[in-house]
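Remarks on the overall topology
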Amino acid sequence: MRSTHIISDLHLGGDYAHPRGSGKRGFRLCTRADAVAQFIDGITQKFAQQGPSELILNGDTVDFLAEHDEKPNAWSPFTRDPGLAVKKLQSIVERDQAVFDAMGRFLDKGGRLVVLLGNHDIELSLPTVRAAFRRALGIKAGHDFEFLYDGEAYIVGDALIEHGNRYDSWNQVDYDALRHVRSVQSRRLDVPDEHVFTPPAGSEMVTEVINTIKLDYPFVDLLKPETAAVVPMLLALEPGFRSRLATIALLYKRTRSHGLSNPVTPRFGGDIRSEQDISIIPGEDIGGRTDPAPEGFGEEISSDGNVKTDTDRSEKSAALKEALQAALGNQAERFLRDLDTEIAEADPLGQLGDEVTASDTVSRIYGFAALLFGRTSQPFERRMPALLKAMRGLQDTDTFELGTESAKEYLDAAQMLCDRGGFRYVVFGHTHQAKRVSLGDGRFYLNTGTWADVLRFPNEILKSEADALPALQAFVAQMKAGDFSAWTLFRPTYVHFEVGDDGKVSKAELLNFSEAATS
């Protein structure tokens, strides 16, 4: 009998609040790395009772998107410089050394450690970063360690395990391009333009919008995963980011057609890939550009001398409206119209306007924080209906139900993997929502959830407006006070398999970690 524990989405990374223990979250998703270390040590201590033991880290173990670049207030959707990526990893390890030490003790005891790549830790796959990761874990000769970083799933008996971002079109990783980058970097060569890796649109959303506004909205990075559902909330909070969000939406629109042809099968003979002819230079700070270069911001002179816009504004506007439609359905048009009307009445000179502009200059004078803290004369109450619509697009009645998966793409993928691959269990992470859903005939879709904090809006927001608005007002009062503890959950979950001598899973459980049980 072999015991297998699966955890995911630790999101180790980002600065802690100062002083530590102040009750604030700092610039990070995971505020309880101590619990992760305690969990791993608990597994190590139980070897005698459990027999052979395996620990699987199912993606997003660390979070490079939470690590700032060398210049302040700047983040990269993909850190292309391997030296800088190694420095970021070293910072992560130094902050949470206890977790890496616990993994080392697990390996020393004879445990098997398997790590899968996610979409926030893509840089771990780079050769020099991979080597630094092994050093951080203390990998020695004889240690049973495996790292899957090329899009492969991992199989335990009749169970398939993978991070799950493959089925999220906003966060699919272009493994073909990433493979070229690794090949070149393994020879200590500079990566040529034709081998540039395009990070997922969701990563662009994190580094270009979410991280930028996090100081005013400390909860915003808890909105997971980074998909179309997050776009209305970001717009409701900061309408001035409209042009930047539209550019990211266009990136998503151009890359999504190069992913999967059905719930699980890639369109191409290699794997998921993206077009390189896009409006954003991958890994570049799109908010920091001032030159009118041909990256989609400003104008360029064509060969015949005519001035043209590199990426047509109407195409960006259409992409943004599609993202809103995906999130809000038939409420999308009303949401955008109401937001435009509010801004137009407050700003008759059109400083923000109701269309995507060629400039990526961001005005935050009508951000919700500016309204809430009196930085402008406009009342914040006018923004409340837009916030309510955005919240309803993010959370439904089934979001936190363990036995129901409301995101159809994951359920469809799990069903097809069981049907075609003969699996009885399919395990994903990525969504930060723990799940155990029956697929019929004794087959199950499981989601490992997260060890990062999770934001849960009050259930009243899904009720009538009369019930929803008081709940929203309470949330806004907490926003003003800077205390989101009432809405933030720490719900560490994991999947536990018992694997029989026949190689099949004999027992599958979705469990909550209890600190008391290990003390």
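Described in the following lines is the structure provided in the data block. (Residues numbered from 1 in each chain as written. Predicted model: local features only at pLDDT ≥ 70, side-chain atom pairs only at ≥ 80, totals over all residues. Heavy atoms only, no water.)

1. A few points about the overall build of the protein
Where we set the bar: Elements are defined by DSSP. Helices are runs of H or I of four residues or more, strands are runs of E of two residues or more, and each kind is numbered from the N terminus. Burial classes follow relative accessibility: with a 1.4 Å probe on protein chains only, a residue under 20% of its type's maximum area counts as buried, one over 50% as exposed, and anything between as partly exposed. Method for areas: the Shrake-Rupley scheme with a 1.4 Å probe, in which residue coverage is limited to the protein chains shown.
Looking only at helices and strands, one finds 16 helices and 15 strands in the protein. For the protein, with 519 residues in total, the buried portion stands at 57%. Roughly 21,000 Å² of accessible area belongs to the protein as shown, and the carbon and sulfur atoms make up 48% of that amount.

2. Brief notes about the pairing of strand β2 (residues 53-58)
Quick note on the threshold: A pair of strands is labelled paired if DSSP reports no fewer than 2 bridges between them.
With six of six residues buried, β2 is to be regarded as a mostly interior element. Along β2, one buried face is formed by Ser 53, Leu 55 and Leu 57 and the opposite face, lined by Glu 54, Ile 56 and Asn 58, is buried too. Sheet topology note: the strand β1 (residues 2-7)/β2 ladder contains five bridges and is parallel. The residue bridging Ser 3 from the neighbouring strand is Ser 53, located in β2. As paired strands, β2 and strand β3 (residues 112-116) are joined by five bridges and run parallel to one another. Bridge pairing in β3 links Glu 54 to Arg 112.

3. Some points on the packing of aromatic side chains
Stated precisely, the cut-off is as follows: Here the aromatic set is Phe, Tyr and Trp, taking the six-membered ring for Trp, and pairing holds for ring centres within 6.5 Å; pairs whose planes are under 30 degrees apart are stacked, those over 60 apart are edge-to-face, and all others are tilted.
Considering all chains together, one arrives at 21 aromatic pairs under this definition. Each ring, one from Phe 475 and one from Trp 487, has its centre 5.8 Å from the other, and the planes form 55 degrees; the classification is tilted. With Phe 475 in helix α15 (residues 465-481) and Trp 487 in the loop between α15 and β13 (488-489), this residue pair connects regions lying twelve residues apart in the sequence. With respect to burial, Phe 475 and Trp 487 carry one shared label: buried.

4. Here we look at the sheet that holds strand β6 (residues 159-161)
Put simply, the rule is: Note on definitions: angles span 0 to 180 degrees between N-to-C directions of axes, and those axes are lines fitted to C-alpha atoms, for helices only across the stretch in contact. Working rule for contacts: check all heavy atoms of both residues, and any pair within 4.5 Å makes them a contact.
Read from one edge of the open sheet, five strands run β5-β6-β9-β11-β10, paired in mixed fashion. The open sheet has two edge strands, β5 (154-156) and β10 (435-440), and neither has a second partner. Here the average twist between neighbouring strands, direction ignored, is 20 degrees. Where helix α14 (residues 408-421) meets the sheet, its contacts fall on β6, β9 (425-428), β10 and β11 (443-447), and the angle it forms with β9 comes to roughly 145 degrees.

5. Some words on the pairing of strand β4 (residues 144-148)
Note the threshold: Orienting the strands away from the viewer, one traces the path from the first strand over the helix to the second; a clockwise path indicates a right-handed crossover.
As paired strands, β3 and β4 are joined by five bridges and run parallel to one another. By the bridge assignment, Arg 112 is partnered in β4 with Asp 144. Handedness of the β3-helix α5 (residues 127-137)-β4 crossover: right-handed.

6. Quick look at the side chain of Asn 447
Using the following cut-off: N or O atoms within 3.5 Å of each other form a polar contact, as long as, within protein, one can give a hydrogen and the other can take it, and as long as residues adjacent in sequence are counted only when both atoms are side-chain atoms.
Within the secondary structure, Asn 447 is located in strand β11. Taking the relative accessible area as the measure of exposure, Asn 447 reaches 0% and is therefore buried. Of the polar contacts made by the side chain of Asn 447, one reaches the side chain of Tyr 445; its length is 3.1 Å. Setting aside anything within four residues of it in sequence, one finds Asn 447 in contact with Phe 428, Gly 429, Thr 431, Gln 433, Ala 434, Lys 435 and Leu 510.

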